[in-house]
Amino acid sequence: MSNGVTFYFMRHGETYFNRYDRFQGWGNTPLTPEGIEEVRESGRGLQDVHFDAVYTSDLMRTIETADLILQENNHADSIELVPMYEFREVFFGSFEGLEVERFWSQINDEVGRKYDLPEGKNNQIRAFMDQTKALDPHHHAENYLEFWQRVEEGLLKLLHKHAGTNQNILVVCHGLTIRYLIHGLVADFDYEEPLKNASVSMVKYINGQFELLGYNQTDHFKALADAVSNDDELES
């Protein structure tokens, strides 16, 4: 029987820029009190998962999230966090910190007029990122190729170290990074919804193939699980 490796990709907890609905790529704001609590809820739901290694981006919001997750974990005594530049969020250039609603729709309109591509598909994602760079007055925003080369380099490092080990690897990073990464790895991936803060998406790599085991999951949150259990008891 072949050995694989399972990656748990977790989005960081809610930050103040998330709360204010502003672009947050390489810029950083702290987790909100609510964000801290939702991360702890996620951590309690994963407390019995034995993670063999934990990686984050090198941005503080993911490091803070991973610290909280490990505080709740029952098998984390000897685990050391490894921050990696490669798993940063998409860089939005001069759009960083600006209102998402105003500029996201502008970029989407430009992509729609120029390419007329289906929402959420790989070609549309590529066009969106390329158009973001084109509309950035300084052209500092990442286009798709720049983003993919960076993230792929990080993934190859993890595969080189962990492929075939049957290990569970936690990677705490960012919403678009996780979504675009899975788009690039998993055949027929067609989920369009944005990732929730502190959600988990699981991907297994075995026999040279990536298999999606779960996407945007929050049902492991302990409070949510307890609430569902209590509702079931009341209905029975």
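Once a new chain begins, its residue numbering starts again from 1 and follows that chain's sequence as written. Given that this is a predicted model, residues contribute local features only at a pLDDT of at least 70 and side-chain atom pairs are listed and counted only at 80 or more, while totals for whole chains, interfaces and linings are drawn from all residues. Water and hydrogen atoms play no part in the side-chain values, which are based on all heavy atoms of the structure.

- The chain goes by Histidine phosphatase family protein in an unreviewed UniProt entry, where it is assigned to Dolosicoccus paucivorans.

As for the pattern of salt bridges
Here is step 1: Here a salt bridge means any side-chain nitrogen of Lys or Arg lying within 4 Å of a carboxyl oxygen belonging to Asp or Glu. Evaluated as defined, the whole model comprises 11 salt bridges.
Here is step 2: Put simply, E99 and R22 hold a salt bridge, and the shortest N to O gap is 3.9 Å. Note that E99 is positioned in the loop between β3 (81-84) and α4 (100-115) and R22 in the loop between α1 (16-20) and α2 (33-45), a separation of 77 residues in sequence.
Here is step 3: Burial here depends on accessible area, computed with a 1.4 Å probe over protein chains only, as a share of the maximum for the residue type. Under 20% is buried, over 50% is exposed, and the range in between is partly exposed. Of the residues examined, R22 reaches a relative accessible area of 30% and is grouped as partly exposed. In this description a helix means any DSSP run of H or I spanning at least four residues, a strand means any run of E spanning at least two, and both kinds are numbered starting from the N terminus.

Let's talk about the environment of L46
Here is step 1: Within the secondary structure layout, L46 lies in the loop between α2 and β2 (53-57).
Here is step 2: Accessibility expressed as a relative area gives 7% for L46, which makes it buried.
Here is step 3: Contacts were defined at the residue level, with two residues in contact if any of their heavy atoms lie within 4.5 Å. Aside from chain neighbours lying at most four places away, what touches L46 is M10, F51, N73, V200 and H220.

A look at the packing of aromatic side chains
Describing an aromatic ring pair means giving the distance of the ring centres and the angle of the ring planes.
Here is step 1: Stacked, tilted and edge-to-face are the three classes assigned to paired rings of Phe, Tyr and Trp, where Trp is represented by its six-membered ring and a pair needs centres within 6.5 Å; plane angles under 30 degrees give stacked, over 60 edge-to-face, the rest tilted. Applying the stated rule across the entire model yields 14 aromatic pairs.
Here is step 2: Judged by centre distance (4.3 Å) and plane angle (20°), the rings of W26 and F91 are stacked. Here W26, found in the loop between α1 and α2, pairs with F91, found in the loop between β3 and α4; they are 65 residues apart in sequence, far enough to count as distant.
Here is step 3: Seen in terms of ring centroids, Y205 and F210 are 4.6 Å apart; in terms of plane orientation they differ by 45°. Their pairing is tilted.
Here is step 4: Among the aromatic side chains, those forming a connected cluster through ring pairs are F23, F92, F95 and F103.

Side note on the UniProt feature "binding site: substrate" (unreviewed entry) in the chain
Here is step 1: UniProt positions are given in the numbering used here, feature names are shortened, and annotations may be inferred rather than shown by experiment. Listed under "binding site: substrate" (unreviewed entry) in the UniProt record, and renumbered for this structure, are R11, H12, G13, E14, T15, Y16, F17, N18 and R61. Filtering the just-named annotated residues for those lining the largest pocket gives R11, H12, F17, N18 and R61.
Here is step 2: With respect to the helices and strands, the residue E14 is situated in the loop between β1 (5-11) and α1.
Here is step 3: By relative accessible area, E14 is classed as buried at 15%.
Here is step 4: Those residues in contact with E14 that sit more than four places away from it in its chain are R19, P30, L31, T32, E34, G35, E38 and N197.
Here is step 5: Within the structure, E14 has its side chain in polar contact with the side chain of R19 (distance 2.9 Å).
Here is step 6: Secondary-structure assignment places F17 in helix α1. Think of a 1 Å grid over the protein atoms and nothing else: a 1.4 Å probe that fits but is trapped marks a cavity, an open set flanked by protein within 12 Å on at least five of seven lines marks a pocket, and residues with an atom within 4 Å of a point count as lining. By the criterion applied in these results, polar contacts are pairs of N or O atoms within 3.5 Å in which, for protein atoms, one can donate a hydrogen and the other can accept it, and in which residues neighboring in sequence qualify only through two side-chain atoms.

Details of the UniProt feature "site: Transition state stabilizer" (unreviewed entry) in the chain
Here is step 1: The sites that carry the UniProt feature "site: Transition state stabilizer" (unreviewed entry) are, in the present numbering, H174.
Here is step 2: Here H174 falls in the buried class, since its relative accessible area comes to 0%.

Looking at the sheet that holds strand β5 (residues 200-206)
Here is step 1: DSSP-based pairing: two strands are paired if at least 2 bridges between them are found. Pairing is mixed in the open sheet, where 6 strands are placed in the order β3-β2-β4-β1-β5-β6. Two strands lie at the open edges of the sheet, namely β3 and β6 (209-217), each paired on one side alone. Averaged over all neighbouring strand pairs, the angle between strand axes comes to 20°, with direction disregarded.
Here is step 2: Bridging between β2 and β3 involves 4 bridges; their strand directions are parallel. Comment: axis = line fitted to C-alpha atoms, over the contacting stretch for helices; angle = value between 0 and 180 degrees taken between N-to-C directions.

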